[in-house]
There are 4 protein chains.
Amino acid sequence: MSNKFSIPIRVYIEDTDAGGIVYYVNYLKYLERSRTEFMRSLGYNKPAMPEQGRLLVVHSAEIQYRRSALLDDVLQVSTTVDKLGRAAMTFGQEIWRGNEIICTAVVKVACVDTSDRKPCALSTSIYQALKATNQYECR
Amino acid sequence: MSNKFSIPIRVYIEDTDAGGIVYYVNYLKYLERSRTEFMRSLGYNKPAMPEQGRLLVVHSAEIQYRRSALLDDVLQVSTTVDKLGRAAMTFGQEIWRGNEIICTAVVKVACVDTSDRKPCALSTSIYQALKATNQYECR
Amino acid sequence: MSNKFSIPIRVYIEDTDAGGIVYYVNYLKYLERSRTEFMRSLGYNKPAMPEQGRLLVVHSAEIQYRRSALLDDVLQVSTTVDKLGRAAMTFGQEIWRGNEIICTAVVKVACVDTSDRKPCALSTSIYQALKATNQYECR
Amino acid sequence: MSNKFSIPIRVYIEDTDAGGIVYYVNYLKYLERSRTEFMRSLGYNKPAMPEQGRLLVVHSAEIQYRRSALLDDVLQVSTTVDKLGRAAMTFGQEIWRGNEIICTAVVKVACVDTSDRKPCALSTSIYQALKATNQYECR
């Protein structure tokens, strides 16, 4: 997983379910924490609203479950920019426990205007910052 | 539990934890659902903000756990007004599974002004509506 | 939405986020509640484990967000069986607020053996019960 | 807060509600993460089940809310052992944002036998480990 942005996440009891494993819905929270820290790593302190008047919202998500994570596991949750448009981007994400894959996901995020919630272009600066990361990931 | 306001709540997998029981934090969500429906039963369609410019916020909560609820249980979650002031009220709440008590709680809720979040009196109409319920419960 | 299995779900404050809307991850909980009640409507009192020794687990999920639901909304959450195999099934699901679509989802669920978590065929009785529902939905 | 065990916790969107603040129920999750890491710091890798056959369960909780935490805040969540018995302990906990107190809590945790869920004494080694910490905290 070299060169990918990734954060460690510890599994707490709040994340588990009666099956004794992480409740599958909660992986989506882990994925968002990773995307949030990815944006923060680019210098955006309010990652959900990286620019005045613009909000990032999830447009669609696809997730495939491979293995179950367990209480007290430490997971690695990665984020890469797979596609980048002027008003939307698609993240590729993975959750690993050591060298075992737990799940993979594709999450499309759109930029909207906070006033009317309509699609809205990212500024050139944030577009360039995301693009730079993307190129880096793709090498 | 006659004469108490109460709603049924089904336990779903989202509510459980790796202990195979309802995650104890989630009972607080059940308690709030019951308080919310209690306010709605008094005619307030936006129970968290029953009056323009006023917001109800939780000031403190005490909860005692007696038994564990399980996946697929149907619980009864009751709400009574135990104390009523002009700008705050204390709810007594219980969660039952049939005739077994699961937990009991005391939740103090304060009325605050939405603009500055400072304590603020309830209007006479809502105060009277709550008071009427309380008297009924206490008979 | 005639002929589809559907349950009403009220939005509580626990379901919302700082954007003032339902936190998008929580729709997956609503979808599971509907699938659970769908299985219960077929006579399975322990819907996650409809048969001794067999467990239903989510294999993958795709969700598309169209509109945001708000605090105090009452939503309708539908479930249909779109594909049915001997050891897996695919559900088509929708969340509506009146005649506005909130989101759509495709959720693939696999049947596994509780002992080794390996794929395992559903019994003929549950397969037939699901198949009957499916035909009904498709008319 | 010198000498107290404390961990930093970042507020994510999953933790907030439509009031634009952390949903008050979720502070209980933060408190448990801190207690869990406190136990882990004593060398217990499975903090909810520190010893074979014994489980730690929450018996009661009291929480007082003073201020609201916001999206993207970094909080400090502390844990001290306030009372220690052979089969139960009481934790004093606080959540701070810089030098502003967010909430305080008292959480009583009991040790039960995993087989019958009845109260059960902690082993001498864990009792001593907790006692040592407590003395340290009280200096």
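Above this text sits the structure in question.
Residues numbered from 1 in each chain as written. Chains lettered and ligands numbered in written order. Predicted model: local features only at pLDDT ≥ 70, side-chain atom pairs only at ≥ 80, totals over all residues. Heavy atoms only, no water.

## As for the overall build of chain A
Reasoning step 1: On a plain count of helices and strands, chain A comes out with 2 helices and 5 strands.
Reasoning step 2: Ordered by position from N to C terminus, the α and β elements of chain A give β-α-β-β-β-β-α.
Reasoning step 3: For chain A, with 139 residues in total, the buried portion stands at 57%.
Reasoning step 4: Summarising the internal contacts of chain A: among those between residues at least 6 apart in sequence, 67% fall at separations of at least 24.
Reasoning step 5: Looking at chain A as shown, the accessible area adds up to about 6,000 Å², and 49% of this sits on carbon and sulfur atoms.
Reasoning step 6: Each charge class in chain A was averaged separately, 18 positive and 15 negative side chains, and the resulting centres sit 6 Å apart. (Helix = DSSP H or I, 4+ residues; strand = E, 2+ residues; numbered from the N terminus. Buried < 20%, exposed > 50% of the residue type's maximum accessible area, 1.4 Å probe, protein only. Contact = heavy atoms within 4.5 Å. Areas by Shrake-Rupley, 256 points an atom, 1.4 Å probe, with all protein chains shown as cover. Lys, Arg positive; Asp, Glu negative; His and termini not counted. Charge placed at Lys NZ, Arg CZ, Asp CG, Glu CD.)

## Here we look at the interface of chain C and chain A
Reasoning step 1: If you look at the interface, chain C gives 19 residues, while chain A gives 19 residues.
Reasoning step 2: Where chain C touches chain A, the interface holds 0 salt bridges.
Reasoning step 3: On inspection of chain C and its partner chain A, the count reaches 11 residue pairs in polar contact (both at pLDDT 80 or more).
Reasoning step 4: A per-element tally of the side of chain C that touches chain A places strand S2 (residues 54-65) of chain C first, with 8 residues.
Reasoning step 5: Taken together, the residues of the side of chain C that touches chain A break down into 9 nonpolar, 5 polar and 5 charged. (Salt bridge = Lys/Arg side-chain N within 4 Å of Asp/Glu carboxyl O. Polar contact = N/O pair within 3.5 Å; in protein donor to acceptor, adjacent residues only side chain to side chain. Nonpolar A, V, L, I, M, F, W, Y, C, P; charged D, E, K, R; others polar.)

## With respect to empty space enclosed by the protein
Reasoning step 1: Tallied over the full model, the rule gives 1 cavity of 30 Å³ or more.
Reasoning step 2: Of the voids in this model, the largest cavity is the one considered here, and its volume is about 280 Å³.
Reasoning step 3: Along the wall of the largest cavity there are 23 residues; nearest its centre are Asn26(A), Lys29(A), Lys29(B), Lys29(C) and Lys29(D).
Reasoning step 4: Looking at the lining of the largest cavity residue by residue, the class counts come to 2 nonpolar, 8 polar and 13 charged. (1 Å grid on protein atoms, 1.4 Å probe; cavity = no way out; pocket = protein on both sides within 12 Å on 5 of 7 lines; lining within 4 Å. Points joined across faces, edges and corners; volume = space filled by probe spheres on them.)

## Here's the deal with the relation of the copies chain C and chain A
Reasoning step 1: Mapping chain C onto chain A is achieved by rotating through 180° and translating by 0.0 Å along the same axis, at an RMSD of 0.0 Å. Here the copies are linked by what is in effect a two-fold axis. It is Glu62(C) whose C-alpha, among those of chain C, lies nearest the rotation axis, at 2.1 Å.
Reasoning step 2: Of the interface residues in chain C, 100% have counterparts in chain A that sit at the interface too, so the contact is made through matching surfaces. (Least-squares fit on C-alpha atoms with pLDDT ≥ 70 in both.)

## Quick notes on the pattern of salt bridges
Residue and element names in this part refer to chain B.
Reasoning step 1: Scanning all chains against the criterion turns up 37 salt bridges over all chains.
Reasoning step 2: Linking Lys-4 and Glu-94 is a salt bridge whose minimum nitrogen-to-oxygen distance equals 3.1 Å. In this pair, Lys-4 sits in the segment before strand S1 (5-10) while Glu-94 sits in strand S4 (residues 88-97), placing the two residues 90 residues apart along the sequence.
Reasoning step 3: Judged by relative accessible area, which is 30%, Lys-4 ranks as partly exposed.

## A short note on the sheet that holds S4(B)
Reasoning step 1: Taken in spatial order, the 10 strands line up as S1(B)-S3(B)-S4(B)-S5(B)-S2(B)-S2(D)-S5(D)-S4(D)-S3(D)-S1(D) in an open sheet, and their pairing is antiparallel. Every other strand in the sheet has two partners, leaving S1 of chain B together with strand S1 (5-10) of chain D as the edge strands with one partner each. Going from strand to strand, the sheet's axes swing by 25° on average, the running direction of each strand aside.
Reasoning step 2: Against the sheet, helix H1 (residues 27-41) of chain B engages S1, strand S2 (54-65), strand S3 (74-84), S4 and strand S5 (100-113) of chain B, with an angle of about 135° to S1(B). (Pairing = 2+ DSSP bridges. Axes fitted to C-alpha atoms, helices over the stretch in contact; angles between N-to-C directions.)

## Quick word on the sheet that holds strand S4 (residues 88-97) of chain C
Reasoning step 1: The strand order across the open sheet built from 10 strands is S1(A)-S3(A)-S4(A)-S5(A)-S2(A)-S2(C)-S5(C)-S4(C)-S3(C)-S1(C), with neighbouring strands paired in antiparallel fashion. Strand pairing shows two members of the sheet lacking a second neighbour, strand S1 (5-10) of chain A together with strand S1 (5-10) of chain C, which therefore form its edges. Taken pair by pair, the neighbouring strands of this sheet meet at an average axis angle of 25°, ignoring direction.
Reasoning step 2: Here 10 bridges tie S4(C) to strand S5 (residues 100-113) of chain C, and the two strands are oriented antiparallel to one another. When the bridges of S5(C) are listed, Thr90(C) appears paired with Lys108(C).
Reasoning step 3: Most of the contacts of helix H1 (residues 27-41) of chain A go to S1(A), to which it runs at about 135°, and overall it touches S1, strand S2 (54-65), strand S3 (74-84), strand S4 (88-97) and strand S5 (100-113) of chain A.
Reasoning step 4: Contacts from helix H1 (residues 27-41) of chain C reach S1, S2, strand S3 (74-84), S4 and S5 of chain C, with the element oriented near 135° to S1(C).

## Examining the pairing of S5(A)
Residues and elements named next belong to chain A.
Reasoning step 1: Counting buried residues along S5, 10 of its 14 residues qualify, which places the element largely inside the surrounding structure.
Reasoning step 2: Sheet topology note: the S2/S5 ladder contains 11 bridges and is antiparallel. When the sheet's bridge partners are listed, Ile-63 is paired in S5 with Ala-105.
Reasoning step 3: The antiparallel hairpin formed by S4 and S5 contains 2 residues in its connecting segment, where Gly-98 sits at a positive phi of about 60°.

## Quick notes on the interface of chain C and chain D
Reasoning step 1: The interface of chain C with chain D comprises 7 residues on the first partner and 8 residues on the second.
Reasoning step 2: A per-residue breakdown of the area chain C buries against chain D is headed by Ile13(C), Ala18(C) and Tyr23(C), which together make up 58% of the total.
Reasoning step 3: Linking chain C with chain D are 0 salt bridges.
Reasoning step 4: The interface formed by chain C and chain D includes 4 residue pairs in polar contact (both at pLDDT 80 or more).
Reasoning step 5: Here the side of chain C that touches chain D is composed, by residue class, of 3 nonpolar, 2 polar and 2 charged. (Buried area = accessible area lost by both parts, 1.4 Å probe.)

## A look at the packing of aromatic side chains
Reasoning step 1: Tallied over the full model, the rule gives 24 aromatic pairs over all chains.
Reasoning step 2: Centre to centre, the rings of Tyr27(B) and Tyr65(B) are 5.9 Å apart; their planes meet at 45°, and the pair counts as tilted. Here the residue Tyr27(B) occupies a position in helix H1, and Tyr65(B) occupies one in strand S2, the gap between them amounting to 38 residues. There is no split in this pair, since Tyr27(B) and Tyr65(B) are both buried.
Reasoning step 3: Members of the aromatic cluster, joined through ring pairs, are Tyr23(A), Tyr24(A), Tyr27(A), Tyr30(A) and Tyr65(A).
Reasoning step 4: Positioned above the aromatic ring of Tyr127(B) is the side chain of Arg86(B), whose terminal nitrogen or guanidinium carbon lies 4.2 Å from the ring centre. (Phe/Tyr/Trp six-rings, centres within 6.5 Å; stacked < 30°, edge-to-face > 60°. Lys NZ or Arg CZ within 6 Å of the ring centre and 35° of its normal.)

## A few points about unusual backbone geometry
Reasoning step 1: The backbone of Asp72(A) sits at a positive phi, close to 75°, despite the residue not being glycine.
Reasoning step 2: Within the secondary structure, Asp72(A) is located in the loop between S2 and S3.
Reasoning step 3: We classify Asp72(A) as buried; its relative accessible area is 11%.
Reasoning step 4: In this structure, Arg117(B) takes a positive phi of about 60° despite not being glycine.
Reasoning step 5: With respect to the helices, strands and loops of the structure, Arg117(B) is situated in the loop between S5 and helix H2 (124-138).
Reasoning step 6: Looking at Arg117(B), the relative accessible area reads 34%, which means it is partly exposed.

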